[in-house]
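Breakdown of the fold
Given next are the chains, with one letter for each unit.
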Amino acid sequence: MSATATTDAVTHPHPALDGLTASLRDLLGPRCSTAQSEREHHGHGESYHPTKAPDVVCYPATTEEVSRILALCHQAKVPVIPFGAGTSLEGHVVALHGGVCLDLSRMQRIIAVNTEDLDCVIEPGVTRKQLNEHLRDTGLFFPVDPGADATLGGMTATRASGTNAVRYGTMKDNVLALTVVLADGTVLKTGGRARKSSAGYDLTRLFVGSEGTLGVITEITLKLYGIPEASSVAVCSFPDVGAAVSCAIETIQSGIQVARVELLDETCMRAINLHNGLSYPETATLFIEFHGTQAGVEQQSTAMHAIALGHGGSGWRHAASAEERTKLWQARHNLHYALLALRPGASSWGTDACVPISELATCITEIREHAKDAPFPVPALGHVGDGNFHMGFLIKMDSPAEIAEAERLNALLVNRAIDLGGTCTGEHGVGYGKSKFLRREYGDEAIAVMRRIKQSLDPDNILNPGKVLPPASP
């Protein structure tokens, strides 16, 4: 079955659905749809998870409309699944129990940009590229870059990070406050624009990463940063993945402030060359970016170049122009599609994990050894400066043997990462694809606390049911 094949049309019809749909149409008019094409489009992300379509798709335009939709769904006890750009990778937007898909992509207002305070207030449908285009003439930018042009609401809900996280942090570090609509339609504000606060429980962090299971985010206050005076991108090849990772680790441990340090193995480099008409050596490679003053950037680059030579690095070269730098990072961001092109008809089972940086080489090397005889390509890549890495299994979804092998390798990767003091996901999030690993990572006591939080905020379990929390123990 392909990643976008529909397993069923209306999977879990709800007794109150007809009346609810009529009420939603009264509220939204044509922004409420039950068309099959709309429903199927909203029943999957960009991953191997099969489509499970919602029963209704709604396009709210304001926080008030979100509140009224949730109040209606709460009364009818019908599930609600928030949806942004549909770029998630762990089944976050799949309508496991049918219900209402709440597509927030039309909520695209940039409400305020406070240049002196380096912050902004936006609606959840704004994408990171739209925000940075809007900020272009202010001298500011928003640095969190997960690769896809995801909505900032989705990035907040999944606690996304990406290529710049080693220097600028993840969404957790860059969200100052939220407006959230709870399951019953209550509108909640979690904080203000102050850079720090010790007042009360940290509700903002509770909702960042909650994946739509605790509330629906309708406004986000974000930190912004000054565009650096200078930036420089370098590419360096290594004899193997272990050497490249060791170089990245030593660089971080040496206190060199890299903005990005990306690992791509030989399979990734082959895909990038073929997809983008490039000619890089097809071996383990680091893409590195430095931010700062012109002198600082040159000093950082020289210091890391010396470290790279000590790990067998070769072919150190700079992307000289802004155009060349953009082309290089665009090739990295399009890697998902470049890898799919290596095996036409395959789907990508993309997975990630994060470990302490001292254990990164161990974890990647061990899992690559387990995967060397897999009947499908298994590329490895990662934001290795903070211990986060990815593997992709390019499998044919109509092959039970390939699906079983991908499942085995994914479990090996996740369990080994947890053994090394890491986590089952550094940035993809849990969805339902990784919920089964949460109990092993956190233990029964922590899961029980999470369940009590969920029960308190969503007693009828209508908010993205089946996601994040693992199935109850038998």
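Above this note sits the structure.
A brief structural summary. Note that the structure is predicted; figures quoted are calculated from it, not measured.

1. So, the overall build of the protein
Helix and strand counts for the protein come out as 17 helices and 18 strands. Taken over the C-alpha trace, the protein has a radius of gyration of 22 Å; the compact-globule value for 474 residues is 23 Å, and the two agree within 12%. Once the C-alpha set of the protein is aligned to its principal axes, its extents read approximately 70 × 55 × 45 Å. Across the 474 residues that make up the protein, the buried fraction comes to 55%. The contacts of the protein with a sequence gap of at least 6 include a subset with a gap of at least 24, amounting to 72%. Surface accessibility of the protein: about 18900 Å² in total, with carbon and sulfur atoms responsible for 52%. Of the charged side chains in the protein, 40 are positive and 52 negative; the average position of the first set lies 2 Å away from that of the second.

2. Brief notes about the nonpolar core
Within the largest apolar cluster, 49 residues are counted, with the highest numbers of intra-cluster contacts made by L286, I288, F290, M304 and F393. No other element matches the 7 residues that helix α9 (residues 241–253) contributes to this core. In contact with I288, not counting residues within four places along its chain, are S232, V233, A234, V258, R260, V261, M304, W316 and W329. With 25 residues, the next largest nonpolar core counts C120, L131, I217 and L224 among its residues.

3. Some details on the packing of helix α1 (residues 17–28) against helix α3 (residues 63–76)
When two helices pack together, you describe them by how their axes are tilted relative to each other and by the distance separating the axes. Packing of α1 against α3 brings their axes to within 10 Å, and their N-to-C directions diverge by 170°. The angle between α1 and α3 falls in the class roughly antiparallel. For the pair α1 and α3, the contacting residues are L20, S23, L24, L27 and L28 in the first and E65, R68, I69, L72, C73 and A76 in the second.

4. Topic: the packing of α9 against helix α11 (residues 294–310)
Viewed as axis vectors pointing N to C, α9 and α11 meet at an angle of 140°, and their least axial separation amounts to 9 Å. Viewed along their axes, α9 and α11 adopt a mutual orientation that is oblique. The handedness of the crossing between α9 and α11 comes out as right-handed. Together, C247, E250 and T251 of α9 and M304, I307 and A308 of α11 make up the contact between the two elements. Taken together, the residues of the contact of α9 with α11 break down into 4 nonpolar, 1 polar and 1 charged.

Definitions and cut-offs
Residues numbered from 1 in each chain as written. Predicted model: local features only at pLDDT ≥ 70, side-chain atom pairs only at ≥ 80, totals over all residues. Heavy atoms only, no water. Helix = DSSP H or I, 4+ residues; strand = E, 2+ residues; numbered from the N terminus. Rg over C-alpha atoms; globule rule 2.2 N^0.38 Å. Buried < 20%, exposed > 50% of the residue type's maximum accessible area, 1.4 Å probe, protein only. Contact = heavy atoms within 4.5 Å. Areas by Shrake-Rupley, 256 points an atom, 1.4 Å probe, with all protein chains shown as cover. Lys, Arg positive; Asp, Glu negative; His and termini not counted. Charge placed at Lys NZ, Arg CZ, Asp CG, Glu CD. Core = buried A, V, L, I, M, F, W, Y, C linked by side-chain atoms within 4.5 Å. Axes fitted to C-alpha atoms, helices over the stretch in contact; angles between N-to-C directions. Parallel < 35°, antiparallel > 145°, perpendicular 65-115°, else oblique. Left-handed = near helix turned anticlockwise from the far one by under 90°. Nonpolar A, V, L, I, M, F, W, Y, C, P; charged D, E, K, R; others polar.

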